[in-house]
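Results of the structural survey
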Amino acid sequence: MRIHFILHETFEAAGAYLAWAALRGHEVSMTKVYHYEKLPESVDDFDMLILMGGPQSPFSTKKEFPYYDADSEMALIRSAAAADKYIVGACLGAQLLGVAFGADCPPSPNREIGNFPIYLTEAGRQDPLLAEFADGMVVGHWHGDMPGLTDEALVLAASKGCPRQIVKYADKVYAFQCHLEFSKELVKALLAHEVNYDQHVQKEPYYQPAWEILDYDYSKMNQALYHFLDKLTAEENSYEKV
């Protein structure tokens, strides 16, 4: 299967999403937006589109981020959805999905940074793709906004700080406001770009101390992501899953 990643910043790596693609032997291509690389010219060039996070929003301008073109990314999302491609958005990618499909991108009730539990909704408990997601499973968070909802969207999971952690827009289109792709190296890079972090920890209810974030074992959430991606793309693959 051909998987195309859209990366918005050097410090917002694909983590376990990319590791999964490598483990499964998929063909990988990338657009590194921060290097002014062009998006795919045609959705015929890939079978699955994965959009990663970044400090931008779906409404950020060229003046703010000269290398970032949200409108072009959202046009690609709509074309990929029309072509029945698999699409997964993480963090900013999740927010882009919502706006691409006509929703808004509201601020989260709380900014969340760290590792906190998510809780499945009734729709989430019924979704077979989330069968490996235990209620209260701890996952990564690094956000201040959340994806908007279309009339067809289903919220599959929420956290205490944010009511929209996993959203299903269509059978092949899922948005993860949370981060299951995290690793110690990835969060170290993210922390390096936070300003006055220790002060925020003292004031914000869902900011975790840096040492706890860096000391966490991310393997369990990574494995849950692998299982989700396996189930999402099961019709395309016949390999032995590990």
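Let me begin by describing the structure that accompanies this report. (Residues numbered from 1 in each chain as written. Predicted model: local features only at pLDDT ≥ 70, side-chain atom pairs only at ≥ 80, totals over all residues. Heavy atoms only, no water.)

A closer look at helix 5 (residues 184–191)
Since the α-helix packs 3.6 residues into each turn, any two residues three or four apart lie on the same face. Let me state the cut-off plainly: Three exposure classes are used, based on accessible area relative to the maximum for each residue type with a 1.4 Å probe and protein chains only: buried under 20%, partly exposed in between, and exposed over 50%. Secondary structure elements are taken from DSSP: a helix is a run of H or I of four residues or more, a strand is a run of E of two residues or more, and numbering for both begins at the N terminus. The directions considered for the arc run from the helix axis to the C-beta atoms.
Those residues of helix 5 that sit buried are Leu 186, Val 187, Leu 190 and Leu 191. Along the long axis of helix 5, the arc covered by the buried residues comes to 135 degrees, so they all point the same way. Relative to its buried face, helix 5 has exposed residues pointing more than 90 degrees away, namely Glu 185 and Lys 188.

A look at the pattern of salt bridges
The following threshold applies: One speaks of a salt bridge when a side-chain nitrogen belonging to Lys or Arg is within 4 Å of a carboxyl oxygen belonging to Asp or Glu.
In total, this model carries six salt bridges according to the counting rule given. A salt bridge links Asp 171 to Lys 168; the shortest N-O distance between them is 3.4 Å.

Section: the packing of aromatic side chains
Two measures describe an aromatic ring pair: the distance that separates the ring centres and the angle between the ring planes. Our working definition: Paired rings are identified among Phe, Tyr and Trp, the last through its six-membered ring, by centres lying within 6.5 Å, and are further divided according to the angle between planes into stacked (under 30 degrees), edge-to-face (over 60) and tilted (the rest).
As enumerated under the stated definition, the model contains 11 aromatic pairs in all. Judged by centre distance (6.5 Å) and plane angle (85 degrees), the ring pair of Phe 65 and Tyr 68 falls under edge-to-face. Arranged with centres 5.2 Å apart and planes meeting at 70 degrees, the rings of Tyr 216 and Tyr 218 form a pair that is edge-to-face. A residue is classified by how much of its surface remains accessible, and Tyr 218, at 4% relative accessible area, is buried.

Section: the nonpolar core
Stated formally: Put simply, buried Ala, Val, Leu, Ile, Met, Phe, Trp, Tyr and Cys residues joined by side-chain atoms within 4.5 Å make one nonpolar core. The contact definition used throughout considers only heavy atoms, calling two residues in contact when any of these lie within 4.5 Å.
In terms of nonpolar packing, the biggest core is built from 77 residues, with Tyr 17, Met 48, Phe 133, Phe 176 and Phe 228 touching the most fellow members. Here the element with the most residues in this core is helix 8 (residues 219–232); it accounts for seven residues. Excluding its chain neighbours within four sequence positions, the residues that come into contact with Phe 133 are Ile 118, Leu 120, Ile 166, Phe 176, Leu 180, Ala 224 and Phe 228.

Section: the environment of Lys 172
Topologically, Lys 172 is positioned in the loop between strand 9 (166–170) and strand 10 (173–176). Residues Lys 172 and Pro 128 lie 44 residues apart in sequence; the distance between their C-alpha atoms is 13 Å. Leave out the neighbours within four places in its chain, and Lys 172 touches Asp 84, Lys 85, Tyr 86, Ile 87 and Leu 232.

Thoughts on unusual backbone geometry
With a phi angle near 65 degrees, Asp 84 is a residue other than glycine that sits in the positive phi range. With relative accessibility at 47%, the residue Asp 84 sits in the partly exposed group. Despite not being glycine, Cys 91 has its phi angle at roughly 60 degrees, a positive value. By secondary structure assignment, the location of Cys 91 is in the loop between strand 4 (86–90) and helix 3 (92–100). Among the residues examined, Cys 91 registers a relative accessible area of 4% and is labelled buried.

What about the side chain of His 141?
Here is the rule: The definition of a polar contact used here is a pair of N or O atoms within 3.5 Å, where within protein one atom must be able to donate a hydrogen and the other to accept one, and adjacent residues in sequence count solely through side-chain atom pairs.
Secondary-structure assignment places His 141 in strand 7 (residues 138–145). A polar contact is formed between the side chain of His 141 and the backbone oxygen of Val 139, at a distance of 3.4 Å. Side chain to side chain, His 141 and Gln 165 meet in a polar contact 3.4 Å long. Contacts of His 141, omitting those with residues within four sequence positions, involve Glu 112, Ile 113, Gly 114, Asn 115, Phe 116, Pro 117, Ile 118, Ser 159, Gln 165, Cys 178, His 179 and Phe 182.

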